[in-house]
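What follows is each chain in one-letter form.
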Amino acid sequence: MNKTKPFTISKGLVMRAFKLVKKNAGGAGVDQQSIADFEKDLKDNLYKIWNRMSSGSYFPPPVKAAPIPKKSGGERILGVPSVSDRIAQMVVKLEFEPCVEKYFLADSYGYRPNKSALEAVGITRQRCWKYDWVLEYDICGLFDNLSHELLMKAVKKHTDNKWVILYIGRWLKTPMQLPDGSLQEKVKGVMQGGVISPVLSNLFLHYVFDRWMERNHPGTPWCRYADDGLVHCKTEEEAKQIFVELTRRYAGCGLELHPEKTKIVYCKDGKRRKEYSNTEMDFLGYTFRRRTVQNSRDNSLFVSFSPAVSKSALKSMRATIREQKLKKKTSMDLKQIAEKYNPILRGWINYYGCYRLSKMNSIAIYFNEKLIAWIRSKFKRFRGHKTEANHFLKAIYEREPNLFAHWKMTKVRWFA
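What counts and how
- Per chain, residue numbering runs from 1 following the sequence as it is written.
- Given that the model is predicted, a residue must reach a pLDDT of at least 70 before its local features are reported, and side-chain atom pairs must reach 80 or more before they are shown or counted; all residues, however, enter totals for whole chains, interfaces and linings.
- Side-chain calculation: all heavy atoms of the structure are included, whereas hydrogens and water are not.
- A run of H or I in DSSP becomes a helix once it reaches four residues, and a run of E becomes a strand once it reaches two; helices and strands are each numbered from the N terminus.
- Two residues qualify as a contact provided that any one of their heavy atoms is within 4.5 Å of a heavy atom in the partner residue.
- Residue burial considers only the protein chains on display, and all accessible areas are found by Shrake-Rupley using a 1.4 Å probe.
- We score Asp and Glu as negative and Lys and Arg as positive, and we do not count His or the chain ends.
- Positions of charges follow a simple convention, taking NZ of Lys, CZ of Arg, CG of Asp or CD of Glu.
- Two strands pair under a simple rule: DSSP has to find at least two bridges between them.
- Between buried and exposed lies partly exposed: a residue is buried under 20% and exposed over 50% of the maximum accessible area for its type, with that area taken using a 1.4 Å probe on protein chains only.
- Any pair of N or O atoms that falls within 3.5 Å is considered a polar contact. Within protein, one atom must be able to donate a hydrogen and the other to accept it, and sequence-neighbouring residues count only if both atoms are side-chain atoms.
- Stacked, edge-to-face and tilted are the three classes for Phe, Tyr and Trp ring pairs, Trp counted by its six-membered ring, which pair at centre distances within 6.5 Å; planes under 30 degrees apart are stacked, over 60 edge-to-face, the rest tilted.
- Interaxial angles span 0 to 180 degrees and are taken between N-to-C directions of axes, which are lines fitted to C-alpha atoms, for helices over the stretch in contact.

Draft legend 1. Region of the structure containing the overall build of the chain. When you go through the chain residue by residue, the secondary structure sums to 15 helices and 11 strands. For the C-alpha atoms alone, the extent of the chain along its principal axes is close to 75 × 60 × 40 Å. Across the chain, contacts joining residues at least 24 apart in sequence account for 69% of those joining residues at least 6 apart. About 21400 Å² of surface is accessible on the chain, with carbon and sulfur atoms providing 49% of the total. With 74 positive and 42 negative side-chain charges, the chain shows a spacing of 5 Å between the two charge centroids.

Below is the structure:
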């Protein structure tokens, strides 16, 4: 280790950070350097990061503004750091995350090691059976509005590592480069899209919400995934009271609850039959509402408040399929198409099909329609003959039922 450097950072840690960044992929930042470009001179590029971070002279470049569409409409601006900056952020994350992770509470699920969104959906499903009411809340622009002062106070509470504190402070102030080349200064918030940002936002909400609930409402179950949260209540009055208190709590910390996405929900089912304005909610791509379900023990039917894939998630999946323009990929054969799209289809099925798999049928049907359109485009004899193309694909299905991931999940519907 070089003793002339003010900060002790191992070269092995920088290499580990690079491997994780490469695994996560991602696009180029403002310098237009891709991961492949970075690897062309890997040893020298990693040395520069290590040398500058160890000497205290590393200053993050601006992040590139990348607008992405929201499921609810409009756009969200992500900040895309350069490859070098993502590696530097990963170095700090690897050092800092273990300092805070051990203090985070069990019902915080977002962007944490060994935690998943499906776990949050599962525990919510169980609690909705036990509690009649849910306060569903969402924070307006969490990543854009976090107080730097309060966040750095929390960071310093959990580490006295000088280089960790130094670089987190610099990343909080990193400007965003807009498409016209101008720079947008950062006076509050963390960069959505940054490697270190999820840990920092979780730390902030650990004190603003998680610990606050533990102190002020012990015994009241809650679940949080990043800025989406749920509080389970026994009565409507309890839900209203926590709503008031939580609004005040977030306002005191510089944040605001989303007026449309924050609401009290009644978990209506076969036994809970009260009339109420809100009897369903969306959480992590699932819609929870009154549904007829089958008892796994005796196959009897009953009405339960339970989850299934949401309409907005289905719309997003269809949009993703449509954007692929499968019909035009006539240079590929069917096996190549399966190899390309099965990971996507399998991911959707494993997540959104975990509860109420049959609700994913419409995606299976939609993808089959695109395959039939591809057949008609690729083979001249099927142009203008949809029925024959359908029969052709069905014959392939009967011969190779495991070719596509969605063919295995449920009974496939064909189009005459």
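Past the structure itself, the notes keep going.
Draft legend 2. Structural context of the sheet that holds strand 4 (residues 176-177). Taken in spatial order, the four strands of this open sheet run 2-1-4-5, and their pairing is mixed. If you trace the sheet from one side to the other, it starts and ends with strand 2 (75-80) and strand 5 (183-184), each paired once. Looking at chain direction, strand 1 (residues 63-69) and strand 2 are connected through six bridges and run antiparallel. Counterpart to Lys 64 in the pairing with strand 2 is Val 80.

Draft legend 3. Examining helix 8 (residues 162-172) more closely. Within helix 8, nine of the 11 residues are buried, which leaves the element mostly enclosed by the surrounding structure. Taken together, the buried positions of helix 8 are occupied by Trp 163, Val 164, Ile 165, Tyr 167, Ile 168, Gly 169, Arg 170, Trp 171 and Leu 172. In the core, the buried residues of helix 8 are packed alongside helix 1 (11-24), helix 3 (42-55), helix 4 (83-101), helix 7 (148-158) and helix 9 (197-216). Residue Asn 161 occupies the N-cap position of helix 8, its side-chain oxygen lying 3.1 Å from the main-chain nitrogen of Trp 163.

Draft legend 4. Representation of unusual backbone geometry in the model. Despite not being glycine, Asn 114 has its phi angle at roughly 60 degrees, a positive value. By the secondary structure assignment, Asn 114 is in the loop between helix 4 and helix 5 (117-130).

Draft legend 5. Region of the structure containing the pairing of strand 3 (residues 133-138). Of all six residues in strand 3, six are buried; the element is thus mostly enclosed. Burial along strand 3 is two-sided: Trp 133, Leu 135 and Tyr 137 and Val 134, Glu 136 and Asp 138, pointing in opposite directions, are all buried. When strand 3 meets strand 7 (residues 228-233), the two strands line up antiparallel, connected through six bridges. If you follow Trp 133 over to strand 7, its bridge partner there is Cys 233. The pairing of strand 3 with strand 8 (residues 263-266) spans four bridges and is antiparallel. Among the inter-strand pairings, Trp 133 is bridged to a residue of strand 8, identified as Tyr 266.

Draft legend 6. Quick peek at the packing of aromatic side chains. Enumeration over the complete set of coordinates arrives at 23 aromatic pairs. Look at Tyr 111 and Tyr 225: their rings are 5.6 Å apart centre to centre, the planes differ by 55 degrees, and that puts the pair in the tilted class. Linking Tyr 111 in the loop between helix 4 and helix 5 with Tyr 225 in strand 6 (residues 222-225), this pair joins segments that are 114 residues apart in sequence. Here Phe 379 and Phe 392 contribute two aromatic rings whose centre-to-centre distance is 5.7 Å and whose plane-to-plane angle is 65 degrees, an arrangement assigned as edge-to-face. Separated by 13 residues along the polypeptide, Phe 379 in the loop between helix 13 (361-378) and helix 14 (386-399) and Phe 392 in helix 14 bring together distant segments of the chain. Accessibility expressed as a relative area gives 25% for Phe 392, which makes it partly exposed.

Draft legend 7. Summary view of the side chain of Arg 112. Along the chain, the position of Arg 112 falls in the loop between helix 4 and helix 5. The exposure class assigned to Arg 112 is buried, which follows from its relative accessible area of 9%. Among the polar contacts made by the side chain of Arg 112, one reaches the main-chain carbonyl oxygen of Leu 105 at a distance of 2.7 Å. Aside from chain neighbours lying at most four places away, what touches Arg 112 is Glu 101, Phe 104, Leu 105 and Asn 202.

Draft legend 8. The sheet that holds strand 6, seen in detail. A sheet is described by the order of its strands in space; here four strands give the open sequence 6-7-3-8, paired in antiparallel fashion. Since the sheet does not close on itself, it has two edges, and those belong to strand 6 and strand 8, each with one partner. On average, each strand axis in the sheet is tilted by 20 degrees relative to the strand beside it, whichever way the strands run. Helix-sheet contacts for helix 5 involve strand 3, strand 6 and strand 7, and the interaxial angle to strand 6 is about 155 degrees. Sitting on the sheet, helix 9 is in contact with strand 3, strand 6 and strand 7, with an inclination near 170 degrees to strand 6.

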